[in-house]
Amino acid sequence: MQNNFLTLQIQEMDKIIDKKESKALLKMLEESERVVLTCHVRPDGDAIGSTLGLYHLLKSMGKEATVIVPDKAPQNLSFLPGFKEIAVFTSHKDFCEKTVEKANLIICCDFNIPSRQDDLAPLIQNANCRKVLIDHHTEPEKFTDLIFSFPRMSSTCELVFRIIASMGLYDKVDKDCATCLLTGIITDTRNFTVNINYPDIYDILMRLLKKGVDKDRIIKEALNTRTLSSLKLEAYALSNKMEIFPEHKCALITLTKEELKKYSYEKGDTEGLVNRPLEVRGMVYSIFMREDPDCIKVSTRSCNDFPVSEICKKLYNGGGHIQAAGGEFHGTLEECREIFLSNINKFDKYLK
Ligand code: 5GP
Ligand code: MN
């Protein structure tokens, strides 16, 4: 009885996804023996969650699946089932090239333009097989045979779940798949606080929990566990490196490579930092600039629908979502900061 009820509701959920397109994807999956799942550089919980979620689905369908990421995923996602199986392009180029060469299908998750894959982009773009994009960023480029693009969705993981439901494969979702998908929803919504205000997302959460997922463990591992030095780095950044511009309702944090080194910085250590200034009453947006080895990484967050994606697009060749966006700057950290400060007035028009 209960199962019938679930099946009925799942069919309701399908309405968002075009049935013709999910059927086309199902056909592609059925026709493919070897599938590659890939995502953007500096992968986050949604990128890893969506690729690994599909990996587990494909395994349960008896397929040979491989997740290939442009560079290493952060340690806080290592609890995810299948994490050890992920192939990292920067460290296993040959293996990645051979796997892509043999693939019948490539599914690109959580990015909208090839350049978001950095040095992995040419290999994926030149691959001689069918490709599918599953993503929730605005303005996707057309570089795949099939596109599932829903910018209003909380996360790529939510979209993956809806597509799976629409393909009629909900029964193939096991605990491991559900764990990965719920992780992306949790990390991209900052633990159910952002971009998650429509009722049927909670229906999806219910269905994932029914698969036996340990939600509390995901929150603990993916969001609330860190090294002592990363906690101290955050404390240092907030007390010594945060500039507040009250008339612009904005906060800016910069960290040099020397400062990062002093706190034994590792990938993922500054993940939540850019959100912290938004806790200050009246603050509308926050910018964080980090001196990485190859570029200055810019990360932005906002509330009140202030479009930080515009700042990233206009100043840092980037993009993302209205309330969470990023970009890269090639030059010094000081130049990166100056460019923002000399343009800060232009963004006042978005303050409500
Ligand atoms: P984060 O600040 O966590 O790195 O990224 C926030 C959002 O902005 C994510 O949705 C991410 O995909 C997007 N984003 C981050 N960096 C870039 C970038 O360099 N280019 C583009 N187009 N989007 C980015
Ligand atoms: Mn995402």
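Everything discussed here concerns the structure shown above.
Residues numbered from 1 in each chain as written. Chains lettered and ligands numbered in written order. Predicted model: local features only at pLDDT ≥ 70, side-chain atom pairs only at ≥ 80, totals over all residues. Heavy atoms only, no water.

Read from one edge to the other, the open sheet built from six strands follows the order E7-E8-E9-E10-E12-E11, with strand pairing classed as mixed. The strands lining the two open edges of the sheet, one partner per strand, are strand E7 (242-245) and strand E11 (319-320). By the bridge criterion, seven bridges tie strand E9 (residues 285-291) to strand E10 (residues 296-302) in an arrangement that is antiparallel. Along E10, the bridge assignment pairs Arg-290 with Lys-297. (Pairing = 2+ DSSP bridges. Helix = DSSP H or I, 4+ residues; strand = E, 2+ residues; numbered from the N terminus.)

What follows covers the pattern of salt bridges. Per the counting criterion, the structure on display carries 23 salt bridges. Salt-bridge contacts for Glu-31 lead to Lys-27; the nearest nitrogen and oxygen are separated by 3.0 Å. With Glu-31 and Lys-27 both in helix H2 (residues 19-31) and four residues apart, the pair spans about one turn of that helix. A salt bridge links Arg-162 to Asp-200; the nearest nitrogen and oxygen atoms lie 3.2 Å apart. Within this pair, whereas Arg-162 is found in helix H6 (residues 156-166), its partner Asp-200 is found in helix H8 (residues 200-209), the two being separated by 38 residues in sequence. In this structure Asp-200 comes out as partly exposed when scored by relative accessible area, which is 30%. Salt bridges sharing common partners tie together Arg-42, Arg-290, Asp-292 and Glu-328. (Salt bridge = Lys/Arg side-chain N within 4 Å of Asp/Glu carboxyl O. Buried < 20%, exposed > 50% of the residue type's maximum accessible area, 1.4 Å probe, protein only.)

Unlike most non-glycine residues, Phe-192 shows phi in positive territory, near 65°. Mapped onto the secondary structure, Phe-192 falls in the loop between helix H7 (175-188) and H8. Of note in this structure, Ser-264 is not a glycine but carries a positive phi near 45°. The class for Ser-264 is partly exposed, based on a relative accessible area of 47%.

A separate point is the site of ligand 1. The immediate surroundings of ligand 1 are formed by 14 residues, with Arg-116, His-137, Lys-297, Ser-299 and Arg-301 found nearest. Between ligand 1 and Arg-301 there is a distance of 2.9 Å, counted from an oxygen atom to a side-chain nitrogen or oxygen. Protein burial of ligand 1: of its 490 Å² of free accessible surface, 86% is covered by the chains. When residues of the shell around ligand 1 are traced back to their parent elements, those giving at least two are E10, E11 and strand E12 (324-329). When residues in the shell around ligand 1 are grouped by element, the largest group, five residues, is from E12. Here the residues of the shell around ligand 1 are counted per class, giving two nonpolar, eight polar and four charged. (Near = heavy atom within 4 Å. Polar contact = N/O pair within 3.5 Å; in protein donor to acceptor, adjacent residues only side chain to side chain. Areas by Shrake-Rupley, 256 points an atom, 1.4 Å probe, with all protein chains shown as cover. Nonpolar A, V, L, I, M, F, W, Y, C, P; charged D, E, K, R; others polar.)

Before going further, it helps to spend a moment on the coordination of the manganese ion (ligand 2). Within the protein, the manganese ion (ligand 2) binds to Asp-46 (OD), Asp-110 (OD), His-136 (NE2) and Asp-188 (OD); these donor distances fall in the range 2.2 to 2.4 Å. Each donor residue of the manganese ion (ligand 2) lies on the same chain, and together they follow the pattern D-x63-D-x25-H-x51-D. Of the two residues, His-136 is situated in the loop between strand E5 (130-135) and strand E6 (146-149) and Asp-188 in helix H7; the sequence distance between them amounts to 52 residues. The class for Asp-188 is partly exposed, based on a relative accessible area of 23%. (Donors = N, O, S within 2.8 Å, 3.2 Å for Na, K, Ca; no water.)

Turning next to the sheet that holds strand E2 (residues 64-69). Strand order in this open sheet of six strands is E3-E2-E1-E4-E5-E6, and the pairing throughout is parallel. Of all strands in the sheet, those with a lone pairing partner are strand E3 (87-88) and E6, marking the two edges. As paired strands, strand E1 (residues 34-38) and E2 are joined by five bridges and run parallel to one another. What sits directly across from Thr-38, in E2, is Ile-68. The strands touched by H2 within the sheet are strand E4 (105-109), E5 and E6, with E6 carrying the most contacts at an inclination of about 125°. (Contact = heavy atoms within 4.5 Å. Axes fitted to C-alpha atoms, helices over the stretch in contact; angles between N-to-C directions.)

Mapping Pro-293 onto the fold places it in the loop between E9 and E10. What makes Pro-293 exposed here is its relative accessible area of 87%. Between the alpha carbons of Pro-293 and Lys-257 there is a distance of 7.9 Å; along the sequence they are 36 residues apart.

Moving on to the pairing of E6. The side-chain alternation of E6 yields one buried face, formed by Leu-146 and Phe-148, and one unburied face, formed by Ile-147 and Ser-149. Pairing of E5 with E6, which is carried by four bridges, proceeds in the parallel orientation. Within E6, the position partnered with Ile-134 by the bridge is Phe-148.

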